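Spelled out from the first residue to the last, the chains are:
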Amino acid sequence: MRKAWRVPLFVVVLVVLVTTGVVTSLQRATNPSQLPSGLAVTMNAESTALYCTGLSAHAGRPERVTFYNTSTASRRLSVSVVSNTGHTFNSSIELAGHGMQSIEPSVVDRGDNFAVAVQINGGGVVGEEIAGSTITEVPCAAAGVTRWFATGFNTLVGSSAYLSVYNPTATSAVLNASIFTASGFSAPQSLQGLSIPAHAQTEIDLGTEVVNTENVGVALTVLRGSVVVVGVQDANNVVSLDSGASSVTNETVYPLVTTAQGATAQIRVANPSDRRAEVTLDVALGTYHVVPQNLSLAPFSAGLINVTPNSAIPDAGYADLTLHSSVPVISALATGTGKWISLASPVTPGNAFLLNDFTGRGFGAATVTNTSANPVTVNVSSYLSTTLQVISDVGLIKLAGHQSESLFLTIRSFSSTPSETYLVSSSKPWLVVSLTLPTSPPGVYVVAPLDGR
């Protein structure tokens, strides 16, 4: 007999970006259309869906999913948990308005790693995965993708890297994987034409194909159907989750990158193009003038730029970085202490982010950044967890082009351990919200509200 649902594991409201979207029909074998997701979905939507993968029963791996209802109306969640062994557990959750509940897939299903699929009778419900270590998390996705990119994985001795892949559709998904390293491109035969059965989850062990290698880039191309993917990096028992990206880009911003003594910070880059990539990293660091850092990447290869330690970049708190490339590239931020790294994909600019103290650890730093050259006004409102009321106009932040501001300094009620859930929004999709956990040295654990994928 299967074990029952556990009661909610914690009452701290989560750090999360609303990622609900109109449900992709599970009866169609074609790729889903790109329907609105995140805060763009009306609360009156008839149905929405969430897909969560990268979950595990192992210590330090993501062990639970938390659902939070941002609407005032109750929602019914039809939940399906599937493991790598093919076992499936089905149940339902009644989630009250502004209610929250957590589940541990390893408690209700048998296996080593898991995925969770949820169908919801309305809009406004969000889902977040969190590791038992409470230092890493990713939001559940509203739909599958047909392209997926990530880089920075380590398969060095003492480290392991996996791609957790879930097929949310009713027919088999077929995909190819390409690998990029400092020595060039590979397309392992075992990762070509890889079939993922309907509603099934599997893990791809990068270490079996790319042995003892630093900074591994990956590109997945889905030939049939769509998939949800989360990268899982275990570097000397420090686990990080990487949601990757569905496209490559010529420009990426990385606010809140540590320059602290004793910390390691790198921008890891992979070039999936057949042309050389000339990469420039602009560094804004207080009143210091830092010479741009450069990287020339051969076609189909990977490299990195050291931010910390770097004799050209002083120990002066947090830096705001902007990466420019002559061709579209894949990039990621790798932070740590020199003995391990934690990976974080860049946040895609958007017009709304929902955030709070999801891990229960509080925040070391929190900023909102305008990625545009034009000025923008940011509205900050909040859900007060004690009364479940929506309080509008907690504050207004006026940002000049390419300006960042601390939420600690600009929003009076925002603290290192906030008790409210904050909505940071603008009429323009130019915002990036960045968060770090309190650590020593500072900035080695990055917590980024994601962008509605």
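How each quantity is defined
- Residues numbered from 1 in each chain as written.
- Predicted model: local features only at pLDDT ≥ 70, side-chain atom pairs only at ≥ 80, totals over all residues.
- Heavy atoms only, no water.
- Helix = DSSP H or I, 4+ residues; strand = E, 2+ residues; numbered from the N terminus.
- Buried < 20%, exposed > 50% of the residue type's maximum accessible area, 1.4 Å probe, protein only.
- Contact = heavy atoms within 4.5 Å.
- Areas by Shrake-Rupley, 256 points an atom, 1.4 Å probe, with all protein chains shown as cover.
- Core = buried A, V, L, I, M, F, W, Y, C linked by side-chain atoms within 4.5 Å.
- Pairing = 2+ DSSP bridges.
- Axes fitted to C-alpha atoms, helices over the stretch in contact; angles between N-to-C directions.
- Salt bridge = Lys/Arg side-chain N within 4 Å of Asp/Glu carboxyl O.
- 1 Å grid on protein atoms, 1.4 Å probe; cavity = no way out; pocket = protein on both sides within 12 Å on 5 of 7 lines; lining within 4 Å.
- Points joined across faces, edges and corners; volume = space filled by probe spheres on them.
- Nonpolar A, V, L, I, M, F, W, Y, C, P; charged D, E, K, R; others polar.

**Q** When you look at the overall build of the protein in this model, what are you seeing that I'm missing?
**A** Counting secondary structure elements, the protein contains two helices and 34 strands. The proportion of buried residues among the 453 residues of the protein is 57%. Nonlocal contacts in the protein, meaning residues at least 24 apart in sequence, comprise 80% of its contacts between residues at least 6 apart. Surface exposure of the protein reaches about 17300 Å², of which carbon and sulfur atoms provide 51%.

**Q** Teacher, can you tell me more about the nonpolar core here?
**A** In a soluble, globular protein the nonpolar side chains are often hidden away together inside. In this structure, Phe153, Leu163, Val368 and Val378 are the most contacted members of the largest nonpolar core, which totals 56 residues. Membership of the second largest hydrophobic core comes to 22 residues, among which are Ala277, Leu323, Val327 and Val329.

**Q** Which parts of the structure should I look at to understand the sheet that holds strand E15 (residues 201-205)?
**A** By definition, the strands of a sheet pair up through backbone hydrogen bonds, in either a parallel or an antiparallel sense. With antiparallel pairing, four strands are arranged side by side in an open sheet as E15-E11-E17-E18. Because the sheet does not close on itself, it has two edges, and the strands there are E15 and strand E18 (238-242). Within this sheet the neighbouring strands show an average axis-to-axis angle of 20°, counted without direction. Bridge count for strand E11 (residues 159-166) against strand E17 (residues 228-235) is eight bridges, and the pairing is antiparallel.

**Q** Can you walk me through the pattern of salt bridges in this structure?
**A** Pairs may arise between side chains of opposite charge once their charged atoms sit close together. Counted according to the given criterion, the structure contains two salt bridges. Arg268 serves as the salt-bridge partner of Glu214, at 3.2 Å between the closest nitrogen and oxygen. Within this pair, whereas Glu214 is found in the loop between E15 and strand E16 (216-224), its partner Arg268 is found in strand E20 (residues 264-271), the two being separated by 54 residues in sequence. By relative accessible area, Glu214 is classed as partly exposed at 39%.

**Q** Honestly, the sheet that holds strand E28 (residues 365-370) in this entry has me stumped. Any pointers?
**A** Here we have four strands laid out as an open sheet, ordered E31-E28-E33-E34, and antiparallel in their pairing. With partners counted over all chains shown, the strands left at the sheet margins are strand E31 (404-406) and strand E34 (446-447), one partner each. As judged from the six bridges shared by E28 and strand E33 (residues 431-436), these two strands associate in the antiparallel manner. Opposite Asn370, over in E33, you have Leu431 as the bridge partner.

**Q** Is there a simple way to think about empty space enclosed by the protein in this case?
**A** Counted according to the given criterion, the structure contains three cavities of 30 Å³ or more. Taken as a whole, the second largest cavity spans an internal volume of roughly 100 Å³. When contributions to the lining of the second largest cavity are tallied by element, the ones reaching two or more residues are strand E19 (249-258) and E33. Along the lines of polarity and charge, the residues of the lining of the second largest cavity split into 11 nonpolar, two polar and no charged.

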